Amino acid sequence: RKEVEQDPGPFNVPEGATVAFNCTYSNSASQSFFWYRQDCRKEPKLLMSVYSSGNEDGRFTAQLNRASQYISLLIRDSKLSDSATYLCVVNDIGGGSNYKLTFGKGTLLTVNP
Amino acid sequence: EAGVTQFPSHSVIEKGQTVTLRCDPISGHDNLYWYRRVMGKEIKFLLHFVKESKQDESGMPNNRFLAERTGGTYSTLKVQPAELEDSGVYFCASSPGFGREGPWANVLTFGAGSRLTVL
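The structure reproduced in this document is the subject of the present report.

Looking now at the overall build of chain A. Secondary structure assignment for chain A yields zero helices and eleven strands. Starting at the N terminus and walking to the C terminus, you meet the elements of chain A as β-β-β-β-β-β-β-β-β-β-β. For 113 residues, the compact-globule formula gives about 13 Å, and the C-alpha radius of gyration of chain A, at 13 Å, lands near that figure. Its C-alpha atoms put chain A at 40 × 30 × 25 Å along the principal axes. On chain A, roughly 5,400 Å² of surface is accessible, and the fraction owed to carbon and sulfur atoms is 48%.

Written out as structure tokens, the structure reads:
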């Protein structure tokens, strides 16, 4: 079983659509959770951290279910600029240490005009 | 503020040759990490420096890979001799360090990566 597993994608959606990404992780002791975004041939960039209580940043909402070891990302009113690969990332070290991230393979999103 | 810079952006070498990748972290960042993505796979951790010391090198594939961070500033990752399966994108990342103030103290900033092609 992969350590971090994501929807394989790709997702193709029209502008304005709502799209949801799902992710599961295998290590129940994992401490921190993130969504990163990676544009084609660019570096991964932190999109948002994911907290147990759920968190929202504008059109983006992230949820964490520790019991199910499940993470999600919801993008509302998608824009052309949202087209990218979305990476589910887990950190197994607590205490604010981010040094050993485990990445999912990523899900490619293309938003079409 | 300059970001994490990596050089070269792309390197094409033949099997058996040597390649050295360089990473300049954000100035003042104690933590420096190397990650790698091979074709069709996820990004994987290679190793972590805290200043000039190797904190964790559990992700290094084998002894053909040597990472250094002399003086705790820039880092190099040498592959010698390179094999076909070493092809991929090598990412460097840095973060300020533990105990620093602010919610983003330990968020990793990645470089654009060095693409290695071994023929």
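All names here are of chain B. The strand order across the open sheet formed by four strands is E1-E3-E8-E7, and the pairing between neighbours is antiparallel. Both outer strands of the open sheet, strand E1 (5–7) and strand E7 (65–68), are each paired with one neighbouring strand and no more. Averaged over all neighbouring strand pairs, the angle between strand axes comes to 15 degrees, with direction disregarded. By the bridge criterion, three bridges tie E1 to strand E3 (residues 19–24) in an arrangement that is antiparallel. What sits directly across from Thr5, in E3, is Asp24.

We now examine the interface of chain B and chain A. With 21 residues of chain B at the contact, the number on the chain A side is 19 residues. Counting the surface lost from both chain B and chain A, the interface buries some 1,700 Å², and carbon and sulfur atoms represent 56% of this. Contact with chain A buries area across many residues of chain B, yet Glu42(B), Ile43(B) and Phe110(B) alone supply 27% of it, more than any other trio. Where chain B touches chain A, the interface holds one salt bridge. Between Asp56(B) and Lys100(A) there is a salt bridge; the shortest N-O distance is 3.4 Å. Taken together, the links from chain B to chain A amount to six residue pairs in polar contact (both at pLDDT 80 or more). At the level of elements, strand E4 (31–37) and strand E5 (44–50) of chain B are the ones that each hand at least two residues to the side of chain B that touches chain A. In terms of residues, the side of chain B that touches chain A owes the most to one element, E4(B), which gives three residues. A class-by-class count of the residues in the side of chain B that touches chain A yields eleven nonpolar, five polar and five charged.

The rules behind the values
Residues numbered from 1 in each chain as written. Chains lettered and ligands numbered in written order. Predicted model: local features only at pLDDT ≥ 70, side-chain atom pairs only at ≥ 80, totals over all residues. Heavy atoms only, no water. Helix = DSSP H or I, 4+ residues; strand = E, 2+ residues; numbered from the N terminus. Rg over C-alpha atoms; globule rule 2.2 N^0.38 Å. Areas by Shrake-Rupley, 256 points an atom, 1.4 Å probe, with all protein chains shown as cover. Pairing = 2+ DSSP bridges. Axes fitted to C-alpha atoms, helices over the stretch in contact; angles between N-to-C directions. Contact = heavy atoms within 4.5 Å. Buried area = accessible area lost by both parts, 1.4 Å probe. Salt bridge = Lys/Arg side-chain N within 4 Å of Asp/Glu carboxyl O. Polar contact = N/O pair within 3.5 Å; in protein donor to acceptor, adjacent residues only side chain to side chain. Nonpolar A, V, L, I, M, F, W, Y, C, P; charged D, E, K, R; others polar.

So, to be careful, I would describe these as geometric facts and stop short of saying anything about function.
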